[in-house]
Amino acid sequence: MTSRADIDVRPIDETEFADWNRALNTGFLRAPTSAQEVVDARRAQFTPGRSIGAFDGGRCVATFRSFAQELTVVGGATVPADAVSDVTVTATHRRRGLLTRMMAQDLAAAKERGDVVATLIAAEYPIYGRYGFGPATWTTEWTVDVPRAGLDPRWAGPEDGGRVDLVDGEDVRKLGPELHERLRRAQPGAVGRDDLWWKITTGAVRFHEAFQEPYYVVYRSAGGEVEGMAAYTADDHWGDAKQPLNTARVKWLIGVTPAAERALWHYLCSIDWVVTVKSGRRAPDDPLPLFLPDPRAAAVTTHADWLWVRILDVVRALEARTYEAAGSLVLEVADSGGPAGGRFRLEASADGAGSCVPTTASADLTLDVVELATLWLGDESAVRLAALGRVREERAGAARQADALLRTSRRPWCPDLF
């Protein structure tokens, strides 16, 4: 067995990308060799210095990639984030500290660049807490039993003067980016989508060998403004008695007004032969069930952690967001070996603005940087974490005050997988 010291962990150069991609496929249990078209598409994501590999005897045995991202925080501002993706360690080289070395290199570089946080979507829950990441948003998927929903089966369009139209991928690439920006600016936890994202999702760039072109549908208001869009697929399943039993699966759905969301969900539940609608990843407090006459027709089939955050700069992270009430709180943040430890005074004004400075004053709450990440976007309760022993009150009532400052009326949500 090669010693840890003899395994070379470093950023790859472009000539090593195919080998790195093979290791990536192996880690994700895909066919090791990709078609050249797919390799070329994935190579478009290559940024010098931000794709890391671990090499044993010249063979890549672990992968890690990060890229620049903008993350929307409470109040609509954005912060620069180090988005972590494509993390694998080949089964032959587990438990040798390779992920720890790759993560350390990347987070050090992110801090040096001035990124406020790092982000990732965790395939497995137990891995990333030891690197300071905490779950900051959750996701929910509903399965809608269409016959039970109570909608008019003769539904032929919105009753608000708007309209729903099927479009193609080229239309999506033209209309989608501006619409998504409207959503992103209003949705804490949302991240940016670059031009490559829209090309991949519409098949203009084939990022995976098996691409099934979805249907695309757009909602326009009575004034003709695009306010909603969705992509979905459908299967072809019929019962023995020749009854249709088809399922529509939503790949993504954007709605910047309640009218747009309602119209899109009603359309999806009105498609001939479709008896089941899978909602795809939605916010945990998504109003989908309440758009149905019988909300029980929408059953939760998935509910899980989604976007994980690692805070790199406490001051900038806490000053970027807005607050629900005025108040002052001193936080003792533990970050073993990391960049975010210290004691900080958070001051929130009545207009929602916050300021944060290092302080020597006595702490009101003591918590790890992991717990700070779960609280930062407003989804978690400090009172609940205190009951679990994950936050310690140094002043009675401090956890309740933290909730009054930090929690939000709507839950944060990240629509994207990266």
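Calculation rules
- Residues numbered from 1 in each chain as written.
- Predicted model: local features only at pLDDT ≥ 70, side-chain atom pairs only at ≥ 80, totals over all residues.
- Heavy atoms only, no water.
- 1 Å grid on protein atoms, 1.4 Å probe; cavity = no way out; pocket = protein on both sides within 12 Å on 5 of 7 lines; lining within 4 Å.
- Points joined across faces, edges and corners; volume = space filled by probe spheres on them.
- Helix = DSSP H or I, 4+ residues; strand = E, 2+ residues; numbered from the N terminus.
- Nonpolar A, V, L, I, M, F, W, Y, C, P; charged D, E, K, R; others polar.
- Core = buried A, V, L, I, M, F, W, Y, C linked by side-chain atoms within 4.5 Å.
- Buried < 20%, exposed > 50% of the residue type's maximum accessible area, 1.4 Å probe, protein only.
- Contact = heavy atoms within 4.5 Å.
- Pairing = 2+ DSSP bridges.
- Salt bridge = Lys/Arg side-chain N within 4 Å of Asp/Glu carboxyl O.
- Axes fitted to C-alpha atoms, helices over the stretch in contact; angles between N-to-C directions.
- Parallel < 35°, antiparallel > 145°, perpendicular 65-115°, else oblique.

**Some details on empty space enclosed by the protein**
Alright, step 1. One pass over the structure, following the stated rule, counts 2 cavities of 30 Å³ or more.
Alright, step 2. Approximately 90 Å³ is the volume attributed to the largest cavity.
Alright, step 3. Every residue along the wall of the largest cavity is listed here: Leu183, Arg193, Lys251, Trp252, Leu253, Ile254, Ser279, Gly280, Arg281, Arg282, Trp413 and Pro415.
Alright, step 4. Top element by residues in the lining of the largest cavity is strand β11 (residues 246-255). It accounts for 4 residues.
Alright, step 5. Residues belonging to the lining of the largest cavity are distributed by class as follows: 6 nonpolar, 2 polar and 4 charged.

**Regarding the nonpolar core**
Alright, step 1. Ranked by size, the top nonpolar core spans 44 residues in total, and within it Leu71, Val117, Val309, Ile311 and Trp376 carry the most contacts.
Alright, step 2. Here Val117 is in contact with Leu71, Val79, Pro80, Ala81, Asp82, Val309, Arg310, Ile311, Leu312 and Trp376, once residues within four sequence places are set aside.
Alright, step 3. If you look at the next biggest cluster of nonpolar residues, it comprises 25 residues, including Tyr219, Val250, Ala263 and Trp265.

**Concerning the sheet that holds strand β1 (residues 8-11)**
Alright, step 1. Across the sheet, which stays open at both edges, the 7 strands sit in the order β1-β2-β3-β4-β5-β14-β6 with mixed pairing between neighbours. The open sheet terminates on both sides in strands that have one partner only, identified here as β1 and β6 (134-135).
Alright, step 2. Alignment of strand β5 (residues 117-121) against strand β14 (residues 307-311), held across 5 bridges, turns out to be antiparallel. Bridge pairing in β14 places Ile121 opposite Leu307.

**Regarding the pattern of salt bridges**
Alright, step 1. Tallied over the entire structure, the rule returns 29 salt bridges.
Alright, step 2. Across the salt bridge formed by Asp19 and Arg22, the nearest N and O atoms sit 2.3 Å from each other. Of this pair, Asp19 and Arg22 are both found in helix α1 (residues 17-27), 3 residues apart, which corresponds to roughly one turn of the helix.
Alright, step 3. What makes Arg22 buried here is its relative accessible area of 16%.
Alright, step 4. Overlapping salt bridges bring together Arg50, Asp82, Arg113 and Asp115 as one network.

**Regarding the packing of α1 against helix α2 (residues 36-43)**
Alright, step 1. Two elements in contact, α1 and α2, have axes whose closest approach is 11 Å; the angle formed by their N-to-C orientations is 100°. In terms of orientation, α1 lies roughly perpendicular with respect to α2. Contact residues: α1 offers Phe17, Asn21 and Asn25, while α2 offers Val39, Arg42 and Arg43.
Alright, step 2. Residues that form the contact of α1 with α2 fall into these classes: 2 nonpolar, 2 polar and 2 charged.

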